[in-house]
Amino acid sequence: MSRIKTPRKLSNPPIIRGFNPYGPLVDLTKTESVILHYEEFEAFKLCDYDHLTHHQASILMHISRPTFTRIYASARSKIAISFAEGRQIEVEGGKIYFESDWYHCNQCQSHFNNPDRMLQLTNCPLCGSEQIENAKQEDKSITDREEISMHLVCAHCGYDVNMQVINRYSKTHCPHCKRLMRGNSVLKNQI
Amino acid sequence: MKTAITSLKACMDSEVDLQFGHCGCFVIYDSTNGSIEFLPNPYRENKEQAGLLAIQLLHGKNVQKIISGDFGQKVKPILDSHKIQMIILSNTNITIRKIIELLQEQSVKTT
Ligand SMILES: [Zn+2]
Ligand SMILES: [Zn+2]
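Everything numeric here is computed off the predicted structure, so don't read it as measured data.

Enquirer: I tried to follow the overall build of chain A on my own but got confused; where do I start?
Expert: Looking only at helices and strands, chain A has four helices and 13 strands in total. Evaluated residue by residue, chain A yields a buried proportion of 42% over its 191 residues. Look at the contacts in chain A between residues 6 or more apart in sequence, and 60% of them connect residues 24 or more apart. Accessible area of chain A: about 11000 Å², with a carbon and sulfur share of 51%.

The following block contains the structure:
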C-alpha cells in the first residue's frame, strides 16, 4: 500500500497572483514565466518576511525541516532566476491546503468547519439554524491550532517577552506598547 | 449533495459512532434524490491509516459532508484539502434516523 501524502499547510493564500518585470530589455514574449508554488511562496515569506527560523517555519507548515529547507531553496532560486533573467513570476497552487475556520451552532451545539473559504457560512449544516458563531481559538481540540513558545522583542519599544504564539504569529501585538510585532520586530529564538 | 454519517450499525435506529476511521458503518444520504446507502466500513479493523483510507473511499463516492463524533488530527488536513465539511456532534445519542430527518428538512428549505 502506498503512503498517503499529507498536503502542506498554509496559513493564508498569497494576496498576489504573480509579478511582472519591467525595463527596456525585458521582453515577456520571449521568456517563459517562472512558476512559484504556493508552498514555495509561503516558505519564502515565513523566512524572509516573518523572520522565522527553518525549524519554526517547518512546524507551521506541518512538514519536516529538510523538506522545508528544500522548498525554501527552490523558492529563492526561482526568484533569483526571475530577477536575473527578467522573467515573469506566476504564483500557483501545489500540493497545499488552507486550514479551514471552525464554527459552533448554538442551537444543536455541533461544531463544523467551513470547507470553502470563498463562501460564507450562514447556517448550521445539521439543523439549519442561523445561530452560529466562530469556534473559540483556544478550543484546541476543535480548531487544532499549533502553539509555539517564542521569545519576542518589540522593535518599537524594545519590550522583551516570552509568549505563546498561535499560528498567526505575524499578528502578535506588543503587550507593552500595543503595536504590531511583525517583520523586523525581532523574533529572537524558540524556547 | 452527499453526506456521510458514521454509524455503529447498518440500520436507521443505530446511534452515531463516535469514531470516524474505525466506525462500524457509513450511512450515505444523498439530498439530490433522497437515497440512503449503508456502507459497512471495510477499514474498521485496520491498525493503521483507517481514517485516511476511509476518506479515500468517501471522497471517491463524492461525499461532501461527514457527520461524526470527532475527527483525528491526521484526517482533518486531508478533509480540508478535499474541501469536505466536517460536522462534530455534541449530542452523540442521536440516531441516524433523526440526523437524516434534520438533513431532509434542510434540503426542503433550500430548494
Ligand atoms: Zn445546528
Ligand atoms: Zn512595544
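And the narrative resumes.
Enquirer: Honestly, the overall build of chain B in this entry has me stumped. Any pointers?
Expert: Looking only at helices and strands, one finds three helices and five strands in chain B. Counting every position in chain B, which comprises 111 residues, the buried fraction comes to 49%. Once local pairs closer than 6 in sequence are excluded, the contacts in chain B between residues at least 24 apart make up 50%.

Enquirer: So what exactly am I meant to see when it comes to the coordination of the zinc ion (ligand 1) here?
Expert: Six octahedral donors around a metal ideally sit at 90 or 180 degrees from one another, while four tetrahedral donors ideally sit at 109.5 degrees. Residues and elements named next belong to chain A. Within the first shell, the zinc ion (ligand 1) binds the protein through C105 (SG), C108 (SG), C124 (SG) and C127 (SG), at distances of 2.3 Å. Every donor counted, the four donor atoms about the zinc ion (ligand 1) form angles of 106 to 115° at the centre, which fits tetrahedral coordination. Sequence spacing of the donor residues for the zinc ion (ligand 1), all on one chain, is C-x2-C-x15-C-x2-C. Here the residue C108 occupies a position in the loop between β6 (102-105) and β7 (111-113), and C124 occupies one in the loop between β7 and β8 (132-134), the gap between them amounting to 16 residues. Judged by relative accessible area, which is 0%, C124 ranks as buried.

Enquirer: What's the story with the packing of helix α1 (residues 38-48) of chain A against helix α3 (residues 65-85) of chain A in this structure? I'm lost.
Expert: When two helices pack together, their arrangement is given by the angle between the helix axes and by the axis-to-axis distance. Residues and elements named next belong to chain A. Relative to each other, α1 and α3 sit at 95°, their axes nearing to 8 Å. In terms of axis orientation, α1 runs roughly perpendicular to α3. On α3, the residues that touch E39, E40, A43, F44, C47 and D48 of α1 are F68, I71, Y72, S74, A75, R76, K78 and I79.

Enquirer: Where do I start with the environment of G72 of chain B in this structure?
Expert: Residues and elements named next belong to chain B. Among the secondary structure elements, G72 is positioned in the loop between β4 (63-68) and α2 (75-81). Of the residues examined, G72 reaches a relative accessible area of 38% and is grouped as partly exposed. Note: C-alpha distance between G72 and G21 (51 residues apart in sequence) is 8.6 Å.

Enquirer: Sorry, what's going on with the side chain of T6 of chain B here?
Expert: All names here are of chain B. Here T6 shows up in strand β1 (residues 2-7). By relative accessible area, T6 is classed as buried at 0%. A distance of 3.0 Å separates a polar atom in the side chain of T6 from a polar atom in the side chain of S68. Contacts of T6, omitting those with residues within four sequence positions, involve V16, D17, Q19, F20, C23, C25, F26, I67, S68, G69 and I96.

Calculation criteria
Residues numbered from 1 in each chain as written. Chains lettered and ligands numbered in written order. Predicted model: local features only at pLDDT ≥ 70, side-chain atom pairs only at ≥ 80, totals over all residues. Heavy atoms only, no water. Helix = DSSP H or I, 4+ residues; strand = E, 2+ residues; numbered from the N terminus. Buried < 20%, exposed > 50% of the residue type's maximum accessible area, 1.4 Å probe, protein only. Contact = heavy atoms within 4.5 Å. Areas by Shrake-Rupley, 256 points an atom, 1.4 Å probe, with all protein chains shown as cover. Donors = N, O, S within 2.8 Å, 3.2 Å for Na, K, Ca; no water. Tetrahedral: all angles 85-135°; square planar, octahedral: opposite > 155°, others 65-115°. Axes fitted to C-alpha atoms, helices over the stretch in contact; angles between N-to-C directions. Parallel < 35°, antiparallel > 145°, perpendicular 65-115°, else oblique. Polar contact = N/O pair within 3.5 Å; in protein donor to acceptor, adjacent residues only side chain to side chain.

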